[in-house]
Amino acid sequence: MTHTSDLTKPDTIVLIHGLWLTPLSWEHWIDRYSSRGYKVIAPSWPGMEGGIEDLRRNPDKVANLGVTEIVDHYDQVVRQLEHPPIIMGHSFGGLFTQILLDRSLGAAGVAIDSAPVKGVLILPFSELKVAWPALRNPANRDKAAIPTPEQFHYSFGNLLSEEESRAVYDRYAVPGPDHVLFQASLANFNPNAATAVNFHNDTRAPLLLIAGGKDHVVPASVTRANYNLYRKSKAVTDFKEYPDRSHYTVGQPGWEDVADYALTWAEENAAAHAKLSQPVAATARPGN
C-alpha cells in the first residue's frame, strides 16, 4: 500500500486511545465522524480487547506492554487499509501517532495532549505528580495499575466536579501498563528509546499537535516543546492550544469543537500533502 502518493481522499479515521482508557473513550468522536461518512476504527492496545470489566479483573494481562509492541500493533492495522487513513491519538495515543507518521504511515496525523516524544526536556510539577505513583518504585515497571478516583479527578477531571469526574472514571478508567510511563519518562537517558522520532523527516504526513491549557497530565508547555522539536522539518507541523481544556478533552463539554477542528485540519492538509507527493509527469515530446 502506498501511503504518500495516493490522491484519494482518506476514507478512514484511526483513533488511538491513551493510558488508563480504552477505545470507549472515543465513543462520541466515532459517532460524529461516522455521521460524516468516514469509516472509523478505534482498535484497543494489544491485550486490551476484552473490555473494561475484564481489564479491571485481570490487569496483569497488560503489565509488560511497551511502546514498541503497541505501535507495531497499530502499524499492522494501518497497513491493512486500502488507503492511508487520518490517524488521531490522545495522550499516549498521540505519541503513537507521531511514531506512525515517522514510519511514513497515514495521510495526516493529529496528536491530542500527546505524551512527549524523546527530546522533550521540561517536566512540569503536575505531570510529575500524575506519573509519580508509578515512577516512585522501580518494581512498578512490570505492573499494571489503575488510578484511584481521586488521582483520576486530578489527572483527567480537574475541570469537572467530583461527581462528574467519578462518573467518567466509572465508565472509562482501566488499569494501564506502568511500563510505558517508565519508557516515556526515562527516554532522554536511553539512546535506543522507543519514544524517539526523526524530527528531520521531511516526507512524513502533516502533523497537528493539540494542547489543553488546563491539562495536568501533559501541560500545554510540554506539547509546545514537542512541537518546537519539529521546527527544522520541511513536513507540515502545526500547534493548536485550547486554553480552557483539560486532559479529558475528548469527552469534556465542548469536545465537538476540538473534534471538528481536528478533522477539518486533517482533511485540508492530507489533500495538500497528497498533491505535493505526486510524482511530476514526464513532459511529452513533440510529435508523440
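Here the structure is shown first, and the text comes after it.
So, here's what we can say about the structure. (Residues numbered from 1 in each chain as written. Predicted model: local features only at pLDDT ≥ 70, side-chain atom pairs only at ≥ 80, totals over all residues. Heavy atoms only, no water.)

**Description of the sheet that holds strand 2 (residues 39-41)**
Paired through backbone hydrogen bonds, the strands of a sheet run either parallel or antiparallel to each other. The strand order across the open sheet built from 6 strands is 2-1-3-4-7-8, with neighbouring strands paired in parallel fashion. The sheet is open, and its two edges are formed by strand 2 and strand 8 (237-242), each paired on a single side. If you compare each strand with its neighbour and ignore which way they point, the axes differ by 15° on average. Where strand 7 (residues 207-212) lies against strand 8, 6 bridges are found, and the strand directions are parallel. (Pairing = 2+ DSSP bridges. Helix = DSSP H or I, 4+ residues; strand = E, 2+ residues; numbered from the N terminus. Axes fitted to C-alpha atoms, helices over the stretch in contact; angles between N-to-C directions.)

**Concerning the environment of Leu101**
Within the element layout of this structure, Leu101 appears in helix 4 (residues 92-102). Of the residues examined, Leu101 reaches a relative accessible area of 0% and is grouped as buried. Expressed as a C-alpha distance, the spacing of Leu101 and Asn201, which sit 100 residues apart in the sequence, is 9.5 Å. Among residues more than four places away in sequence, those in contact with Leu101 are Ile87, Ala108, Gly109, Asn201, Arg204, Ala205, Pro206 and Leu207. (Buried < 20%, exposed > 50% of the residue type's maximum accessible area, 1.4 Å probe, protein only. Contact = heavy atoms within 4.5 Å.)

**Let's talk about the nonpolar core**
With 59 residues, the main nonpolar core has Ile16, Trp45, Phe92, Phe96 and Leu181 as its most contacted residues. If we skip the residues at most four places from it in the chain, Phe92 touches Gly18, Leu19, Trp45, Ala115, Val180, Leu181 and Ala184. (Core = buried A, V, L, I, M, F, W, Y, C linked by side-chain atoms within 4.5 Å.)

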